[in-house]
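Coordinate inspection notes
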Amino acid sequence: MSLKKIGATVAATALALSLSACGGGAGSTNLSALKIGIKFDQPGMGLNEGGKYTGFDVDVATYIAGKLGTPADKIQWVQAATPQRETLIENGSVDLVVATYSINDTRKQRVSFAGPYFIAGQDLLIRADDTSITGPESLKGKKLCSVANSTSAQNVEKKVPGVNLQNFNTYSECMTALTSSTKAVDALTTDDTILAGYASQAAYAGKVKVVGKPFSTENYGVGLKKGNVDLCNKVTAAINEMIKDGSWEKAVQANLGPANYKPGPGNPPTPAACS
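Heads up: these notes are all about the structure in this document. (Residues numbered from 1 in each chain as written. Predicted model: local features only at pLDDT ≥ 70, side-chain atom pairs only at ≥ 80, totals over all residues. Heavy atoms only, no water.)

What about the packing of helix 2 (residues 56–67) against helix 9 (residues 247–256)?
Convention followed: To get an axis, a line is fitted to the C-alpha atoms, and for a helix only the part in contact is used. The angle between two axes follows their N-to-C directions and goes from 0 to 180 degrees. Strands here are runs of E lasting at least two residues and helices are runs of H or I lasting at least four, both read from the DSSP assignment and numbered beginning at the N terminus. Each angle gets one of four labels, with under 35 degrees taken as roughly parallel, over 145 as roughly antiparallel, 65 to 115 as roughly perpendicular, and the rest as oblique. By convention, the crossing between two helices is left-handed when the near helix turns anticlockwise from the far helix through less than a right angle, and right-handed when the turn is clockwise. Contact criterion: two residues are considered in contact whenever any of their non-hydrogen atoms come within 4.5 Å of each other. Three categories are distinguished: nonpolar for Ala, Val, Leu, Ile, Met, Phe, Trp, Tyr, Cys and Pro, charged for Asp, Glu, Lys and Arg, and polar for the others, with Gly belonging to the last.
Close contact between helix 2 and helix 9 brings their axes to 9 Å; oriented N to C, the two are set at 155°. Accordingly, the angle class assigned to the pair helix 2 and helix 9 is roughly antiparallel. With respect to the hand of their crossing, helix 2 and helix 9 are arranged in right-handed fashion. Along the contact surface, helix 2 presents Phe56, Asp59 and Tyr63, while helix 9 presents Ser247, Trp248, Ala251, Val252 and Asn255. A breakdown of the residues in the contact of helix 2 with helix 9 according to their chemical character gives five nonpolar, two polar and one charged.

Here we look at the pattern of salt bridges
Put simply, the rule reads: Here a salt bridge means any side-chain nitrogen of Lys or Arg lying within 4 Å of a carboxyl oxygen belonging to Asp or Glu. For every residue, the accessible area obtained with a 1.4 Å probe (protein chains only) is divided by the maximum for its type, and the residue is called buried under 20%, exposed over 50%, and partly exposed between those limits.
All chains considered together, the criterion is met by four salt bridges. Arg110 is paired through a salt bridge with Glu90; the nearest N and O atoms lie 2.7 Å apart. Of this pair, Arg110 sits in the loop between helix 4 (105–108) and strand 7 (111–120) while Glu90 sits in helix 3 (residues 85–90), and the two are 20 residues apart along the sequence. For Glu90, a relative accessible area of 36% gives the class partly exposed. Across the pair Asp186 and Arg127 runs a salt bridge, and its minimum N-O distance is 3.4 Å. Of this pair, Asp186 sits in the loop between helix 6 (171–179) and strand 11 (187–191) while Arg127 sits in strand 8 (residues 122–127), placing them 59 residues apart in sequence. Pair check on accessibility: Asp186 and Arg127 agree, each one buried.

Thoughts on the state of the cysteines
Cut-off, in case you're wondering: Disulfide: a pair of cysteine sulfur atoms within 2.5 Å of each other.
Scanning all chains against the criterion turns up two disulfides. Covalent S-S linkage joins Cys145 and Cys174, the inter-sulfur distance amounting to 2.1 Å. What sets the handedness of the Cys145 and Cys174 disulfide is the S-S torsion sign, and at about -75° it is left-handed. On the criterion of sequence distance, the pair formed by Cys145 in strand 9 (residues 143–147) and Cys174 in helix 6 is long-range, its members being 29 residues apart.

Observations regarding the pairing of strand 9
Formally: Following DSSP output, two strands are said to pair if at least two bridges run between them. Look down the strands so they point away from you; if going from the first strand over the helix to the second traces a clockwise path, that crossover is right-handed.
For strand 9, a buried count of four out of five residues is recorded, marking the element as mostly surrounded by other parts of the structure. Looking at chain direction, strand 9 and strand 10 (residues 164–168) are connected through five bridges and run parallel. If you follow Cys145 over to strand 10, its bridge partner there is Gln166. Chirality of the crossover, the property in question, places the unit of strand 9, helix 5 (residues 151–159) and strand 10 among those that are right-handed. Here two bridges tie strand 9 to strand 11, and the two strands are oriented parallel to one another. Along strand 11, the bridge assignment pairs Leu144 with Ala187.

Here's what the structure looks like:
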């Protein structure tokens, strides 16, 4: 065989190996272009304003994507509403979900998680002039807004059996109901990170306040296809690197600092081993 043919054979083999490593094999993820699910309506965490994506989750997702070989301009952002996250992962509409996605045993039956990358706590957001709600123990008979199928809704139903829970599709709808002149709901409950983001918006300045008594621990994870241990390990390595090099702290301060939010105990977290 001539040197020219040998060179061509070697090049072809190298190309095939490269394609395989980058996701050319069946059932693997093409890491040169990722579809990532985020929230589109959570200030400070995941927000879409005319095609501009901002928030702590967005920064985490962008960092992870970079470590996986996907530059920021190659990420395809997909709206991942709370009730749809597992389905989006299962049907391949997204490769990853980074959307204030609390790790729990029920969800782990359908998807795998890398993380946690952040530990939040459930709290309450109420009207600024409301003195009747001081914590979950004072919610009985109150109209409380949350999002269908969210961990927050499940938590509060267990903790306050007498609460009048109103399940909406998005937290933005809850905010409208809370601040409207009709006072359609009395409070909104979800993670303190999300509540802090809303409270810091100019549109709600002086209208709402966070109660400041967290009553749960929410471990945010990166959702991915169930059983994809290889991708899970890569994402976990990226999370660890983000924490180690200071990018995690910078992202927290840039996105949640304006609301005077301070990460609670356990932050930054140590991601669990993938299995």
